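Structure at a glance
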Amino acid sequence: MPTITLTNITKRWKNYFGVDNLSLEIPDNSFITLLGPSGCGKTTILRMIAGLETPTEGRITIGDNVVFDSEKGINVPANKRRVGFLFQNYALWPNMTVYQNIMFGLKNIKEELPVIDVEAKRHTDIIRALQNGKRIKAEVLDCCDKNGKLDNNRAYVKLIDAFELSIFSAKTVFELKIHESDNPEEAANKFKAEYEQKLSAILDAHKAKGEEINKDFEVVKSGNVVREVRKLTDEEMDSRLRQVARIVKIGMFMDRYPAELSGGQQQRVAIARTLAPRPQVLFMDEPLSNLDAKLRLEMRYELQRLHVETGSTFVYVTHDQMEAMTLATQICLVENGVLQQYAPPLEVYRRPENLFVADFVGNPSINFVEARGNQQEDGSISLDILGGVKVKLVTNENVKLSEWFEKRDIDAAKKQELRKELMKGKHYVEKANKDEVFKYHIAKVMEEDSSIQSEPVVSNEDFVLAIRPEAIGITSGEGLHTTIYGAMPTGMESTLKLRFGDYLLTGVIFGNTAYKIGENVSININGDDILLFDRKSGMRVATGHLVLENA
């Protein structure tokens, strides 16, 4: 599967930017989730890669092929990009059976393909099945009802799955009536010898023409696979269909109509239909959003397994951060059309690049605490939090705040200069949906009306601490004296709202202890993943652990 590269991709409608100067590389065989709130641009990104949306500017390559380049005027249509698309609604044809729905896309394929010897493949498959006459008899007789009546269609499916056959080969094996023989091994060996002779004759005929057949039954001449522009044969289409049906476990539903299937089964059919043409990349746009919570969880496991078994590259759009965390090899987090962070799930969770990422990823949400302080000679950062509590952040990184602030200001100046240069160009368009520093939320008992608050004057001594709920623990020793303001037990853990003065902190306490509202408890803040953000830019400054200096 190919690597997908997006270079300086922009999509705008007049002065509204859906995607703003996005550069991204999606590695081969990866599972990428495009994550972000509704309207952030993630579906637009997906549609531009697939060819369903035309970028305003930039370049997209899939493998070695440039599929879009605004400067060179290249725009390969969607049907030539060899990508599969799985939509939020399954879009199954209601008047077609499952078999017909999956087969529909295969019948429309016409491209340069290797020449296949279908008869050689079919004979080889039948020979492989005939190596085990006892199993053939057992699989077929397992399809008898309580009255001993044989269900032929069910028997075909059993043979298809047991020996990885096409429907045509399965019917041939069934019609040999090995299941009726008292000695199935002897009967199978007899027919096996006949098919071996037929296969040998086919191979000799190719040899006489200076050809041979490789392991994929492709015709090879002078060391090269013979290719021609053609449609798929019935054998090829059925083999592909049966292969994907085995992967998503829908082999028994081939004669049913979509209305006769559950939501999860319909989803599997839609996945099989998308996989059957063997796309280079599989795009999925919130495919599980129509399912109930239990089925959604089951389908996540199915998608994980599917990714491993197919070896395909998956690009998956979701606004559900739990789906992104559990499925992805890498998360691409987008807000207002701008890439915020592109990293593995645990890195996004533990090392968010900015306040927006820290807030968006994690359930329950992260605690934001405004802090004011400066760096000490030993490198630690002394902070005043929660209306007078003094703490010290011992950083994991060797951070010098003066150098960090200097780099921040230089980067901001460069960005401003670049913007001024761009403004001089005749094609420059001012962005209507402005990018702003994320407005974090400080949880308090009495919420203030933010609309009447004036913008604070922020200096280099102003920070924001971000504390994950699981970092807050209850202690019998020294700590912050808090009152339980709310408690939500779930069995293995409890989510607590803890009041400290006018502030509220969220903590996740593991165990099945019952907590009462109004109960006084002491808490500490543990772990090496306490995050410190610059309040002015919203960017992460450092991570570390907190030392409480007074309560």
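Residues numbered from 1 in each chain as written. Predicted model: local features only at pLDDT ≥ 70, side-chain atom pairs only at ≥ 80, totals over all residues. Heavy atoms only, no water.

Pairing in this open sheet of five strands is antiparallel, and the strands run E21-E25-E22-E23-E24 from one edge to the other. Looking at which strands have only one partner, the edges of the open sheet turn out to be strand E21 (472-475) and strand E24 (503-510). Geometrically, the sheet is characterised by an average inter-axis angle of 50° between neighbouring strands, direction not taken into account. Here six bridges tie strand E22 (residues 480-489) to strand E23 (residues 493-500), and the two strands are oriented antiparallel to one another. Across the sheet, the residue bridging to methionine 488 is threonine 495, located in E23. (Pairing = 2+ DSSP bridges. Helix = DSSP H or I, 4+ residues; strand = E, 2+ residues; numbered from the N terminus. Axes fitted to C-alpha atoms, helices over the stretch in contact; angles between N-to-C directions.)

This part takes up the packing of helix H4 (residues 133-141) against helix H7 (residues 184-208). Running from amino to carboxyl end, H4 crosses H7 at an angle of 110°, the nearest separation of the two axes being 7 Å. By the angle between their axes, H4 is roughly perpendicular relative to H7. In terms of crossing hand, the pair formed by H4 and H7 is right-handed. Facing H4, whose interface residues are Gly133, Lys134 and Lys137, H7 presents Pro184, Glu185 and Ala188. (Parallel < 35°, antiparallel > 145°, perpendicular 65-115°, else oblique. Left-handed = near helix turned anticlockwise from the far one by under 90°. Contact = heavy atoms within 4.5 Å.)

On to the pairing of strand E18 (residues 381-385), then. Residues Ile381, Leu383 and Ile385 point to one face of E18 and are all buried, whereas Ser382 and Asp384, pointing to the other face, are not buried. Bridging between strand E17 (residues 367-375) and E18 involves five bridges; their strand directions are antiparallel. Residue pairing for E18: alanine 371 is matched across the bridge by isoleucine 385. Linking E17 to E18, which pair antiparallel, is a turn of five residues; within it glycine 379 sits at a positive phi near 95°. In the sheet, E18 pairs with strand E19 (residues 389-395) via five bridges, with the strands oriented antiparallel. Opposite aspartate 384, over in E19, you have lysine 390 as the bridge partner. (Buried < 20%, exposed > 50% of the residue type's maximum accessible area, 1.4 Å probe, protein only.)

Here we come to the nonpolar core. Membership of the largest hydrophobic core comes to 38 residues, with the highest contact counts inside it found for Val98, Ile102, Ile250, Ile271, Met284, Leu303 and Leu306. Contributions of two or more residues to this core are made by helix H2 (98-107), helix H8 (234-248), helix H9 (263-275), strand E13 (281-285), helix H10 (293-310) and strand E14 (313-318). In terms of residue count, the dominant contributor to this core is H8 (six residues). With near-sequence residues (within four places) excluded, valine 98 lies in contact with Ile250, Phe253, Met254, Arg256, Leu261 and Val269. One finds Leu393, Phe463, Ile509 and Ile530 within the second-largest nonpolar core, a separate group that totals 34 residues. (Core = buried A, V, L, I, M, F, W, Y, C linked by side-chain atoms within 4.5 Å.)

Time to look at the UniProt feature "domain: ABC transporter" (unreviewed entry) in the chain. UniProt feature "domain: ABC transporter" (unreviewed entry): in the numbering of this structure it lies at residues 4-361. Segment residues 4-361 splits into 42% helix and 23% strand. End C-alpha atoms: 25 Å apart. (UniProt positions renumbered as here; feature names shortened; annotations may be inferred.)

Pairing is antiparallel in the open sheet, where three strands are placed in the order E9-E10-E11. Looking along the sheet, the strands with just one partner apiece sit at the ends: strand E9 (211-213) and strand E11 (224-225). Both E9 and strand E10 (residues 219-221) contribute to a ladder of three bridges, which runs antiparallel. Residue pairing across strands places isoleucine 213 opposite valine 219, the latter belonging to E10.

Quoted interface sizes are often the accessible area lost when the parts come together. For the chain, the domain assignment lists domain 1 (110-231) and domain 2 (359-400 + 440-550). Between the C-alpha centres of domain 1 and domain 2 there is a distance of 66 Å. (Domains from an automatic or database assignment.)

Another aspect to go through is the pairing of strand E3 (residues 31-35). As a general feature of sheets, a regular strand has side chains that alternate between the two faces. With five of its five residues buried, E3 lies for the most part within the structure. Neither face of E3 is left uncovered, since the one carrying Phe31, Thr33 and Leu35 and the one carrying Ile32 and Leu34 both have all their residues buried. The pairing of E3 with E14 spans five bridges and is parallel. Directly across from leucine 35, in E14, lies its bridge partner threonine 318. For E3 and strand E15 (residues 330-335), the ladder comprises four bridges, and the chain directions are parallel. Residue pairing in the sheet places isoleucine 32 in a bridge with glutamine 330 of E15.

Attention shifts here to the side chain of glutamate 139. In this fold, glutamate 139 is placed in helix H4. Apart from the residues within four sequence positions on either side, glutamate 139 is in contact with Lys158, Leu159 and Ala162.

So, on to H7. Its 25 residues place the ends of H7 36 Å apart at the C-alpha level, agreeing with the 36 Å of an ideal helix rising 1.5 Å per residue. Listed in full, the buried residues belonging to H7 are Pro184, Ala187, Ala188, Phe191, Lys192, Tyr195, Leu199, Ile202 and His206. Trailing H7 by a residue or two, glycine 210 shows a phi angle of about 75°, which is positive. (Expected span 1.5 Å × (residues − 1).)

Attention now goes to the packing of helix H3 (residues 118-130) against H7. The N-to-C vectors of H3 and H7 enclose an angle of 155°; their axes lie 9 Å apart at closest approach. Looking at the two axes, H3 sits roughly antiparallel to H7. In this structure, H3 crosses over H7, and the sense of that crossing is left-handed. Contacts from Glu119, Ala120, His123, Thr124, Ile126, Ile127 and Leu130 in H3 reach Ala188, Asn189, Phe191, Lys192, Tyr195, Glu196, Lys198, Leu199 and Ile202 in H7.

Moving on to the packing of aromatic side chains. If you walk through the whole model with that rule in mind, you get ten aromatic pairs. Their ring planes at 45° and their centres at 5.9 Å tell us that phenylalanine 31 and tyrosine 316 sit as a pair that is tilted. Remark: tyrosine 316 occurs in strand E14 and phenylalanine 31 occurs in strand E3; sequence separation between them is 285 residues. For tyrosine 316, a relative accessible area of 0% puts it in the buried group. Linked through ring pairs, Phe31, Phe314 and Tyr316 together constitute an aromatic cluster. One Lys or Arg, lysine 198, reaches over the ring of tyrosine 195 and ends 4.4 Å from the middle of that ring. (Phe/Tyr/Trp six-rings, centres within 6.5 Å; stacked < 30°, edge-to-face > 60°. Lys NZ or Arg CZ within 6 Å of the ring centre and 35° of its normal.)

Within the structure shown, the criterion is met by zero disulfides. Cysteine cysteine 40 is unpaired, with the sulfur of cysteine 332 as its nearest cysteine sulfur at 8.8 Å. Residue class for cysteine 40 comes out buried when judged on its relative accessible area of 2%. Note on cysteine 143: no disulfide assigned, nearest cysteine sulfur contributed by cysteine 144 at a separation of 7.3 Å. Taking relative accessible area as the criterion, cysteine 143 reaches 1% and is therefore assigned buried. (Disulfide = S-S within 2.5 Å.)

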